[in-house]
Each structure stands twice: as C-alpha cells, then as structure tokens.
Amino acid sequence: MTIGNFGFDGRDNNGVNVNGKITVSVLITCIVAASSGLIFGYDIGISGGVTTMIPFLKKFFPSVLRKAAEAKTNVYCVYDSQILTSFTSSLYIAGLAASLAASRLIAAAGRKNTIMIGGCTFLAGAAINAGAANVTMLILGRILLGFGVGFTNQATPVYLSEVAPPKWRGAFNTGFQFFIGIGVVISNCINFGTAKLSSGWRLSLGLAIIPAATMTIGAILISDTPASLVERGKLEQARNSLIKIRGLDTNVDAEISDLIKSSQVSKSAKEEPFMTIFERKYRPHLILSIAIPFFQQLTGINIIAFYAPILFQSLGFGNDSALIAAMILGLVNLASIVVSTVVVDRFGRRFLFIAGGTQMFICQIALAGVLAITSGTSGTEKISKGNAIIVLVLMCIYAAGFGWSWGPLSWLIPSEIFPMKIRPTGQSISVAVNFATTFVLSQTFLTMLCHFKYGIFLFYAAWIAVMTVFIAVFLPETKGIPLDSMFALWEHHWYWRSFVQDQP
C-alpha cells in the first residue's frame, strides 16, 4: 500500500475499499453535526458589532465613549480598553478549560452527547448575556458561551472525520467552517438591523439562543459515530450506525472489524492518552496538532472578525458603513469556504495551505502600505473614501485566502491524523491551543493596534510567511486516506520517518 504521492488506492490495511459513498443519511448527519459551527461563528461576529453600539458602551464601557468624543483622538486607540477586550476574550479562556476537559468527556459520553452538552451550556450563556445588568453578568454569560463552544469545537471535527467517507472527508469536515462562516454573516446582519435600537444589543446577544437550540435539537436526532460506539462497547449500535451512513447495500463487516480491532488494541495497552501522545512515535502528530491551530490564529483572521466593525470605524468608516463592511467581509469568507469544500479533496491540503498563505501574506503587506501612506503613525487623519474602499477590498481578498485554506484545514488536519486511541486527546490539545492563542490575541489586539498602528498587519504578515514555509516543509498530504492508514504518512516523510520507524 502506498499513499499521497505514492498512489494510495482507497483501501484500508486489510485491502478493503473504504472510500464509501455519499448517502442521504451521512449527508444529513454531517450537516447536523457541522451546524454546531453556527454558535461559534455567531459569537465571533456578534461581539464586534455589539461593542460599537452606543447604548451598549454607555451602559458597560462609558470610558470608551468619552475617548471617542475627544477631538484629536488617535483613530487606532479609540477602543483600547482592557475591560472591553475582556468581554470578547473571556469566552476563549473558558473554551480553553472546556476543551481540555472535553477529551475525556467525548471518550466516555460520546461525540454526539458532548455536542448536546455544549449546546445546552451555550443556551444558558446567551440567556444571561441578553439579560445582563452589569459587566459581571456580561462576563459570566461569555464564560458559559466559552464552555459551550469548547465542547462543540472539540467534538464536531472528530465526529465529521469519523463519519465521512475517506474520499470526501475534507469536504465534509469543511462543513464545520462553512457553518462558522454562516454564523458570522448572520450575526453581522443582525447587528446592522439592531444597531439603532435602544436595547438592540440585548436582542443581538439573546438571538444566540436560536442557533444553539437548533443545533442541540438536531444533535438529539442523529446517531453517534461508529468509532465512538465501538469504543464504548456498543457494538450492535455501531453496526447499525455504520450501515445507515454507508448505505443499506454496503457490506460493513470489514470496517466494523477494523474499528473493533483498533479499540481492542487501545484498551489492551492500558495507557493514559495524555501520556501516550507524548511518546516519540506520536511526535509528528503532536507537533502538527499544536502548530497548525497556533498558526491559524496568527493569520489574524479571528481578531479581524471579532473587531471588524471597530477596526473599520477606527479606519474612518461611519457606524453603518463599518457594519456593512463587516457583512461584506463575512460574505466573502463564506463564499471562499464553499470553494474549499469543492477543491480540498481534489487538490489536497498542502496546496490549499500554501496558496492561501501566499494570498494572505501579500494582502497584509498591501494593507500595511495603504495605511502607512494614508494614516501614518499619528492616526489623527481619517482615510479618504477611495482609500477606505481599497482597504476593504484587500481585507476581502485576505479573508477569501483564509476561507479556502487555513480556516477549514486547521480543524480538519488535527481531527484526521491521530489513531483512534489518542484521537480525542489530540483534538483536545489542538482546540486548547486554538483557544489559548485566540485569548491572548483578542485580549491584546486593541492595545497592539494602538501601539503598532499599521504595523499590526506587518506583524501578522511575518507569521503568515513562517507558517506557510512550515507547511511546505513538514506537512504530508492526507487527502483520501482512511483514518486507520495514516501511519504510512510518517514512514514516507523525509523528516518524520525518523520518529516512527522501528517504533513498537
């Protein structure tokens, strides 16, 4: 058997064709699971718009309004408030804690039940935020939202990778990022509609209940993954689940046997997953599961998504124009995710990573150049309408580059490279790194914008260059390879083979 550039033919270790087909059941199941991305995307988009609403700032952050009213305020520094950024970043420190706990939860309770728990927790957080009377309630609600997002972001990519046919695993897993994009667009539209209402911010925050309820109810109706059911000793349910998603006319005996064998090997080893994952033979998996989500956040995309309305206002857009610009940015990102869904299993992960990274790097350099010429370091002169449009166009091209590369692939790769026995643990570490990096960046972004000015885009450009080179050198191609055949990737890689060869 050979893989990647060696001509992998879609068969597992027993020579059985496991590429599978797209059935109605697997399609519906994966759509329902991927819809958990709605709550994450909704929250990403809603927080940035709410923090530009005058009634919201007047109630919770009056110092920001006073700063904005000053005649010669540096536009880069208007929203530089640590308490304001805590409103956004508190969700991610809670998500970090939840993602670390979730690895044991999805192993013990299953992928489906973990998604349901995350949805219920998010519902509670949305309700508290909508009724917040002070900053403490606001932050408490955000923390509960963080727990919800932490659980769902941990369970969903693993669920999708385990259910989808190997040939189409990339496309199905991209669905999670697609729903994140939908959530961002919906939240931006809602912010635009509620911005002029006296309590519009309550409506914006409270409507998060709808995607959370939709996802939670949907999760009740789908079955858990065959791998998870086998792992928990529910063999008959696992068989029925596999027949349903692979098709009634498909012989699933060989695939079930492989899952049972993998589960038995895992249990007989009696190893602690958090210790096992640090063994030398899993070094490639561990490093990639840490590096890829870390680098994803250092593209700067989520920071721009969180603070898009604030950023556009800081660059000279009016309030309505800033919200419209954020909506456009979200739509472009959503469209690019659709592109990724179509091409990820055709051109492969490496090509998209490298091409998308190059596109983002060029846009960040161009953005820094435009802002250096128009606003300089003083930031007291707002840029012209023409230059503002150029900034928006460059940000849209940048968002498109992220949407069809680093956005979906950063969730896909960690969910597919680990063997079954440490897959929940590997995904847990990956999500934790994502949240930890997001927390630090979201907490410091507005201060960095105030001090770095246009140089903030050069900062992200430098990281994009580093991560693109990293992918080119260290990531093997994983498209179309069954999950239990991934070991051969490392055996053929020029660098990683030294870690896995001759290992027990």
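Residues numbered from 1 in each chain as written. Predicted model: local features only at pLDDT ≥ 70, side-chain atom pairs only at ≥ 80, totals over all residues. Heavy atoms only, no water.

**What about the overall build of the chain?**
Phase 1 of the analysis: When helices and strands are tallied, the chain shows 24 helices and zero strands.
Phase 2 of the analysis: Within the span of the chain, comprising 504 residues, buried residues form 60% of the whole.
Phase 3 of the analysis: Counted over contacts in the chain with a minimum sequence separation of 6, partners at least 24 positions apart contribute 81%. (Helix = DSSP H or I, 4+ residues; strand = E, 2+ residues; numbered from the N terminus. Buried < 20%, exposed > 50% of the residue type's maximum accessible area, 1.4 Å probe, protein only. Contact = heavy atoms within 4.5 Å.)

**Examining the side chain of His493**
Phase 1 of the analysis: In this fold, His493 is placed in the loop between helix 23 (487-492) and helix 24 (497-500).
Phase 2 of the analysis: Here Tyr495 takes part through its backbone nitrogen, which lies 3.1 Å from a polar atom of the side chain of His493.
Phase 3 of the analysis: A distance of 3.2 Å separates a polar side-chain atom of His493 from the backbone nitrogen of Trp496.
Phase 4 of the analysis: What His493 contacts, discounting residues up to four positions off in sequence, is Val473, Phe474, Leu475 and Pro476. (Polar contact = N/O pair within 3.5 Å; in protein donor to acceptor, adjacent residues only side chain to side chain.)

**A word on helix 22 (residues 455-474)**
Phase 1 of the analysis: In this model helix 22 runs 29 Å from its N-terminal to its C-terminal C-alpha over 20 residues, within 8% of the 28 Å that 1.5 Å per residue would give.
Phase 2 of the analysis: Residues Gly455, Ile456, Phe457, Tyr460, Ala461, Ile464, Met467, Thr468, Phe470 and Ile471 constitute the buried set of helix 22. (Expected span 1.5 Å × (residues − 1).)

**Quick word on the pattern of salt bridges**
Phase 1 of the analysis: Counted under the stated rule, the structure contains eight salt bridges.
Phase 2 of the analysis: Glu416 is the salt-bridge partner of Arg169, the closest N and O atoms lying 2.7 Å from each other. Pair noted here: Arg169 is in helix 8 (residues 169-194) and Glu416 is in helix 20 (residues 406-417), with a separation of 247 residues, a long-range link.
Phase 3 of the analysis: Classification of Glu416 as buried rests on a relative accessible area of 0%.
Phase 4 of the analysis: Residues joined in a network through salt bridges with shared partners are Arg111, Glu162, Glu231 and Arg423. (Salt bridge = Lys/Arg side-chain N within 4 Å of Asp/Glu carboxyl O.)

**Concerning the confidence of the model for the chain**
Phase 1 of the analysis: Mean pLDDT over the chain works out to 82, with 85% of the residues at or above the 70 mark.
Phase 2 of the analysis: Within the model, pLDDT remains below 50 along residues 1-18, and this stretch shows 41 contacts once partners closer than five positions in the same chain are excluded. (pLDDT = per-residue confidence, 0-100.)

**Concerning the environment of Met486**
Phase 1 of the analysis: Along the chain, Met486 falls in the loop between helix 22 and helix 23.
Phase 2 of the analysis: Counting along the chain gives 67 residues from Met486 to Pro419, while the straight-line C-alpha distance between them is 7.8 Å.
Phase 3 of the analysis: Filtering out sequence-adjacent residues up to four positions away, Met486 remains in contact with Arg169, Glu416, Ile417, Thr478 and Ile481.

**As for the nonpolar core**
As a rule of thumb, soluble globular proteins bury nonpolar side chains together.
Phase 1 of the analysis: Residues Phe40, Phe56, Phe61, Leu138, Phe353, Trp406 and Phe457 are the most contacted members of the largest nonpolar core, which totals 128 residues.
Phase 2 of the analysis: The biggest single contributor to this core is helix 21 (residues 423-452), with ten residues. (Core = buried A, V, L, I, M, F, W, Y, C linked by side-chain atoms within 4.5 Å.)

**Considering the packing of aromatic side chains**
Phase 1 of the analysis: Enumeration over the complete set of coordinates arrives at 27 aromatic pairs.
Phase 2 of the analysis: Judged by centre distance (6.4 Å) and plane angle (50 degrees), the ring pair of Phe60 and Phe61 falls under tilted.
Phase 3 of the analysis: Note on Phe61: relative accessible area 4%, which makes it buried.
Phase 4 of the analysis: Ring centres of Trp496 and Phe499 lie 5.8 Å apart, and the angle between their planes is 55 degrees; this geometry places the pair in the tilted category.
Phase 5 of the analysis: For Phe499, a relative accessible area of 9% gives the class buried.
Phase 6 of the analysis: Taken together, the ring pairs in this structure connect Phe294, Phe295, Trp463, Phe470, Phe474, Trp494, Tyr495, Trp496 and Phe499 into an aromatic cluster.
Phase 7 of the analysis: It is Lys59 that lies over the ring of Phe60; its NZ or CZ is 5.8 Å from the centre. (Phe/Tyr/Trp six-rings, centres within 6.5 Å; stacked < 30°, edge-to-face > 60°. Lys NZ or Arg CZ within 6 Å of the ring centre and 35° of its normal.)

**What to know about the packing of helix 7 (residues 135-163) against helix 20**
Phase 1 of the analysis: With their axes 9 Å apart at the nearest point, helix 7 and helix 20 run at an angle of 65 degrees to one another. Put simply, helix 7 runs roughly perpendicular to helix 20. The chirality of how helix 7 crosses helix 20 is right-handed. Residues Asn153, Pro157, Val158 and Ser161 of helix 7 form the contact with helix 20, whose participating residues are Trp411, Leu412, Ser415 and Glu416.
Phase 2 of the analysis: Its residues assigned to classes, the contact of helix 7 with helix 20 comprises four nonpolar, three polar and one charged. (Axes fitted to C-alpha atoms, helices over the stretch in contact; angles between N-to-C directions. Parallel < 35°, antiparallel > 145°, perpendicular 65-115°, else oblique. Left-handed = near helix turned anticlockwise from the far one by under 90°. Nonpolar A, V, L, I, M, F, W, Y, C, P; charged D, E, K, R; others polar.)

**Re helix 10 (residues 209-221)**
Phase 1 of the analysis: Here helix 10 contains 13 residues, and its C-alpha end-to-end distance of 19 Å stays within 8% of the 18 Å for a straight helix at 1.5 Å per residue.
Phase 2 of the analysis: Restricting attention to buried positions, one finds in helix 10 the residues Pro211, Ala212, Met215, Thr216, Gly218 and Ala219. Looking down the long axis of helix 10, one finds its buried residues gathered within 165 degrees of arc, a one-sided arrangement. Opposite the packed face of helix 10, turned more than 90 degrees from it, sit the exposed residues Ile210, Ile217 and Leu221. (Arc of directions from axis to C-beta.)

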